[in-house]
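Structural features, examined
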Amino acid sequence: MRQLYYTLQTLIRGKGSNLIKIISLGLGLAVSILIFSRQAFELNYDTCYKDHERLCLVKTVWYYNNEYHPSHITLGPVAGTIAENLPDEVESVTVTQQWWSNSAWFANERRF
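All of the points below concern the structure found in this document. Keep in mind that this is a model prediction, so the values were computed, not measured.

Moving on, we come to the pairing of strand β1 (residues 60-64). It is a general feature of regular strands that their side chains alternate between the two faces of the sheet. Bridge analysis of β1 against strand β2 (residues 67-71) gives 5 bridges, and the strand direction is antiparallel. Residue pairing across strands places T60 opposite S71, the latter belonging to β2.

In this section: the packing of aromatic side chains. Tallied over the entire structure, the rule returns 2 aromatic pairs. Here Y5 and Y6 contribute two aromatic rings whose centre-to-centre distance is 5.8 Å and whose plane-to-plane angle is 55°, an arrangement assigned as tilted. Relative to Y68, the ring of Y63 has its centre 4.8 Å away and its plane inclined at 50°; by these criteria the two rings are tilted.

Let us look at unusual backbone geometry. Despite not being glycine, N65 shows a phi value in the positive range, around 55°. Within the fold, N65 resides in the loop between β1 and β2. Backbone geometry at N66 places phi at a positive 60°, although glycine is not the residue there. Note on placement: N66 falls in the loop between β1 and β2.

With that settled, the discussion passes to a nonpolar patch on the surface. A contiguous nonpolar patch, built from M1, L4, L8, L11 and I12 and spanning about 560 Å² of accessible area, is present on the exposed surface. Its relative accessible area of 54% is what places I12 among the exposed residues.

One pass over the structure, following the stated rule, counts 1 salt bridge. The residue R54 makes a salt bridge to E91 at a minimum N-O spacing of 3.2 Å. With R54 in the loop between α2 (15-43) and β1 and E91 in the loop between α3 (77-85) and β3 (106-107), this residue pair connects regions lying 37 residues apart in the sequence. Accessibility expressed as a relative area gives 53% for R54, which makes it exposed. Owing to a relative accessible area of 67%, E91 belongs among the exposed residues under this scheme.

Rules of the game
- Here the residue numbering is sequential within each chain, running from 1 through the sequence in written order.
- Reporting in this predicted model follows two pLDDT cut-offs: at least 70 for local features of residues, and 80 or more for side-chain atom pairs to be given and counted; totals over whole chains, interfaces and linings ignore these cut-offs and use all residues.
- Heavy atoms throughout the structure, all of them, feed into the side-chain values; hydrogens and water do not.
- Here, any two strands with at least 2 DSSP bridges between them count as paired.
- Helix numbering and strand numbering both begin at the N terminus, where a helix is a DSSP run of H or I of at least 4 residues and a strand a DSSP run of E of at least 2.
- We call Phe, Tyr and Trp rings a pair once their centres come within 6.5 Å, taking the six-membered ring for Trp, and we label the pair stacked below 30 degrees between planes, edge-to-face above 60, and tilted otherwise.
- Two distance rules govern patches: like charges are joined within 9 Å, and nonpolar side chains (Val, Leu, Ile, Met, Phe, Trp, Tyr) within 5 Å, applied only to residues with over 30% relative accessible area and no salt bridge.
- Computed by Shrake-Rupley with a 1.4 Å probe, the accessible areas treat only the displayed protein chains as cover when residues are assessed.
- The salt bridge definition used is simple: a Lys or Arg side-chain nitrogen within 4 Å of an Asp or Glu carboxyl oxygen.
- Each residue gets one of three labels from its accessible area relative to the maximum for its type: buried under 20%, exposed over 50%, partly exposed in between, using a 1.4 Å probe on protein chains only.

Structural data, given as structure tokens:
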């Protein structure tokens, strides 16, 4: 009970710092909510597929001028090469091309 009394006394005497404390707590909660929502989105990626834990996505990263450059395009023969070299691990492969980074694919009005 004494701790509650001291807490109330501190809040009453330090009115100027209360606003700073409330703002910092609010910003901390907002940032943590954003981080947790981003992590939740990353963890439920492609769960709409059957056996989604077995899906793999291959992306290409080009290395030139001593720098790494990610690409939205993976060359077509990559899928066939993976299927040929890993026949026991890979069931099927496909290649898609994304002309813009925000494109989406639809099947029966369901967005992928």
